[in-house]
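Notes for the structure review
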Amino acid sequence: MMKLQDLLQTLSAAEKALQLGYEKADPLTGAFSQKRVVHAGLQGCPVPAGQAQAIWQQVMERPPAEKTERSAYIHIPFCQTKCLYCGFFQNAANQAAEDRYIDCLVRELEADADQPYLKEGPIHAVFIGGGTPTSLSPHNARLLLQAIRRCLPLANDYELTLEGRCHDLIPAKMDVWLDNGVNRVSLGVQSFHTQIRRQLGRVDDQETVLRRLAALKAYQQCSVIVDLIYGLPDQDMQAWEEDLRILADSAVDGMDLYQLNVFEGSDLDQRILAGTMSPAASTAQQARMFAFAQEFVAKRNFSRLSMCHWQRNNRERSLYNTLAKRGGAIFPFGCGAGGNAGGYSTMLHRALQPYENMVMGGLKPFMVLIEQAPLQSVINSILDQLERGCLDLQPLIKADERLAELKWLYDLWEQRGLVHYDGVVYRLTVAGQFWQVNIAQTTVECVQAIVTQEHSIAVQGVAAQDRKARPPGTKVMPPGHPAMELNPIPGRKKIASGNSSC
Ligand code: SF4
C-alpha cells in the first residue's frame, strides 16, 4: 500500500498547493491561496432512477434501528426579492405559485407520516429553510406548521427553526409562527449599515431592522439568531466592528458570522466589474475580519458552537445544525431539499414543475438518490469534529488503522501554524479556524486516498474577490447561477465558504 505522503507526491505542484497549502509567515492570510468547499459525500454511488422509489420505500417501511437524534429539513423555494450576493435564489414569490406549492408540500408530509421509519422514532429538530420561509403568507405558514406538527413525531424538546428576513417580522406573521410551534427564528441581517444593506438588495434600514428584532424578542417565545456577513462592499474593518457591536448590544440569543464569497458571473460580481459597486474585501482582508470577530466575541458573553456559530445563552442550542453535521438521519421535504436516511443521501427536485408533478403522482420527488459509501460515518465524524475546532485521530485509527497516516498531514499543518497538538487532539489555531473548510476537504480527500489508494480532488473556481484581472475572452456564468457545489450538510444550504441565505 502506498503511503499518503507518496500518494501526494504524484500530484502536480498546483494540486499539492490546493490540498496542503503553503508554509507562510502569516498562515491566517497566506496558508492557502483560496477557500474550498466541503464535499461530504464524495464516494457515494447514485442509484438508477428507476430503482429510487422502491429502495426508499424499503428504507421507510422498517422501524428505525438507530437510537440517534433525527431531524427534518423543509424547503421553501421563494423570495420576495433577490439579494445581489446570493447563490440560492430559486423563484420570485408569487401568491398562486406559493399556494400550489404549500398544497404539494403538505401532501408530501402526509404521504410519509405513516411510514414506520419516520413515525416510530422522535424527530428532535426541524429546519424550515429557503429561499425565504418567512415570506409565506400567514395562511400558508399556518397550513405548513400544522402539517409539520400533525405528520412529524416531534420530541418533547424539539427545535423548530424558521429561517427568514427581518422585513417579515410583522405581528400578523409572528403571531402565526409562534402560535404554531416555531421556537427558533434565524434571520439574515448581513449588515446593520443601511447603505451597505440596501446596495445588496436588502429592504429595511438599520432602525427598522432593530425595531423588528426587538418586536420578535418581546414575545419571549423563541430564540432569535442573526446572521452577519464579513467582507461586503464598503464594509471596512470599522464598519465590521460596528456591525459586531450593534449585534452584541441587541438581545439576540445566537449569531452566525459568514465570509462573503463573490462568485464569478454573479449579480454582485457584475456590478463590481461594471464599477457601480465598490469591490468586496479580498480573502486576506476577510481573514483579518474573521480574526478580529472571533476575538471580539470571545471577550463577550458568547460561546462557540461551531466554526461560524456562537450562542449567547442556553436558549440557543443550534440543534439542527449540530445533528446535521454529525450525519444523523434527516428527512427531506420540499423542492430542492436534501437529506439522508438508512444509508442513502438524497436531493429532491430543485425545479418546481417536476417536484409538483411527482408529489401529485404519489412519488417521493427525488432528483437523485445516492447510496452512501462505507466511509461515510468516518467522514461524518471528521467533519463534525473539525466543525467544533479539533480532530482526535485515535477513534478514526481505531475504526481503520490505515488512518494513522493522517498524523503526517496534521503534523505538517502544525508546522505551518494551522493546528496545535495538545497531546490528545489537534486543535485548530485561529488561522486553522479561518481555513477550516480547506482543512476538512483535504482531510476527507486524504481519507479516501488512504483507503481506496485513488486520489481525487474537488476543484472550485477562485472566488472573484481575489481575481486580479479577468483574461480577455473568459467565459462568464449567467447572472444568478447558483455557484454552489454539493451541500456539506444534507438539506441545509449554508456553508462556511458560501453565502448565507436570507
Ligand atoms: S439571501 Fe435569502 S432572501 Fe436574499 S435572495 Fe438569497 S435566499 Fe432570497
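None of the values given here were measured: they were computed from a predicted structure. (Residues numbered from 1 in each chain as written. Predicted model: local features only at pLDDT ≥ 70, side-chain atom pairs only at ≥ 80, totals over all residues. Heavy atoms only, no water.)

Some remarks on the UniProt feature "domain: Radical SAM core" (unreviewed entry) in the protein chain
This is how it is decided: UniProt positions are given in the numbering used here, feature names are shortened, and annotations may be inferred rather than shown by experiment. Only DSSP runs of H or I with at least four residues qualify as helices, and only runs of E with at least two residues qualify as strands; both kinds are numbered from the N terminus onward.
On the UniProt side, "domain: Radical SAM core" (unreviewed entry) is annotated at positions that read residues 64–300 here. The span residues 64–300 is 43% helical and 21% strand by assignment, and the distance between its end C-alpha atoms comes to 42 Å.

A few points about the domain arrangement of the protein chain
Heads up, the rule is: Delimitation of the domains relies on an automatic or database domain assignment. We call two residues in contact when some of their heavy atoms are within 4.5 Å. Once two parts are put together, the accessible area they lose, assessed with a 1.4 Å probe and summed over both, is termed the buried area. The working definition used for a salt bridge is a side-chain nitrogen of Lys or Arg within 4 Å of a carboxyl oxygen of Asp or Glu. N or O atoms closer than or at 3.5 Å make up a polar contact, with two conditions inside protein: a donor-capable atom paired with an acceptor-capable one, and, for residues adjacent in sequence, both atoms drawn from side chains.
According to the domain assignment, the protein chain contains domain 1 (4–28 + 375–452) and domain 2 (45–371). Averaged C-alpha coordinates put domain 1 and domain 2 at centres separated by 29 Å. Counting from both sides, the interface comprises 13 residues of domain 1 and, opposite them, 16 residues of domain 2. Roughly 1,200 Å² is buried in total at the junction of domain 1 and domain 2, and carbon and sulfur atoms are behind 66% of that figure. Of all residues in domain 1, the largest losses of buried area upon contact with domain 2 belong to Glu387, Gln433 and Phe434, amounting jointly to 49% of the total for that side. For Glu387, the salt bridge goes to Lys325, with nearest N and O atoms at 3.6 Å. The interface formed by domain 1 and domain 2 includes 2 residue pairs in polar contact (both at pLDDT 80 or more). Secondary-structure elements contributing two or more residues to the side of domain 1 that touches domain 2 are helix H16 (376–387) and helix H19 (430–434). Element by element, the count of residues in the side of domain 1 that touches domain 2 is highest for H16, at 4 residues.

A closer look at helix H14 (residues 319–326)
Since one α-helical turn is 3.6 residues long, residues separated by three or four positions face the same way. Note the cut-off: Each residue's exposure class comes from its accessible area (1.4 Å probe, protein chains only) as a fraction of the maximum for that residue type: buried when under 20%, exposed when over 50%, partly exposed otherwise.
Burial of H14 is extensive: 6 of the 8 residues sit out of reach of the surface. Considered for burial, the residues of H14 that qualify are Leu319, Tyr320, Asn321, Leu323, Ala324 and Lys325. After H14 finishes, the residue Gly327 shows a positive phi value of roughly 85°.

Focus: the confidence of the model for the protein chain
Quick note on the threshold: Each residue carries a pLDDT score, the predictor's confidence in it, ranging from 0 to 100.
Looking at the protein chain as a whole, its pLDDT mean stands at 90, while 91% of the residues score no less than 70. Across residues 469–498 the pLDDT falls below 50, and counting only partners more than four positions away or on other chains, this stretch makes 83 contacts in the model.

Quick look at the nonpolar core
Stated precisely, the cut-off is as follows: Note on terminology: a nonpolar core comprises buried Ala, Val, Leu, Ile, Met, Phe, Trp, Tyr and Cys residues joined through side-chain atoms within 4.5 Å.
With 127 residues, the main nonpolar core has Ile74, Ile128 and Leu152 as its most contacted residues. In terms of residues, this core owes the most to one element, helix H5 (residues 95–113), which gives 8 residues. A domain split of this core shows at least three residues from each of domain 1 (4–28 + 375–452) and domain 2 (45–371). Residues contacting Ile128, with those up to four places away along its chain left out, are Ile74, Ile76, Pro133, Leu144, Leu145, Ile148, Leu160, Thr161, Leu162 and Glu163. The next biggest cluster of nonpolar side chains, apart from the first, holds 19 residues, and it includes Tyr85, Leu200, Val262 and Met277.

Notes on the sheet that holds strand S17 (residues 419–421)
What counts is decided by this rule: Think of it this way: DSSP has to see at least two bridges between two strands before they count as a pair.
Taken in spatial order, the 3 strands of this open sheet run S16-S18-S17, and their pairing is antiparallel. Edge positions in the sheet fall to strand S16 (390–391) and S17, since each has one partner strand and no second. Bridge analysis of S17 against strand S18 (residues 426–428) gives 3 bridges, and the strand direction is antiparallel. When the bridges of S18 are listed, His420 appears paired with Arg427.

A short note on the pattern of salt bridges
Scanning the entire structure with this criterion turns up 21 salt bridges. In this structure, the salt-bridge partner of Arg100 is Glu356, at a minimum N-O distance of 3.1 Å. Linking Arg100 in helix H5 with Glu356 in helix H15 (residues 352–360), this pair joins segments that are 256 residues apart in sequence. With relative accessibility at 45%, the residue Arg100 sits in the partly exposed group. A relative accessible area of 5% means that Glu356 is categorised as buried.

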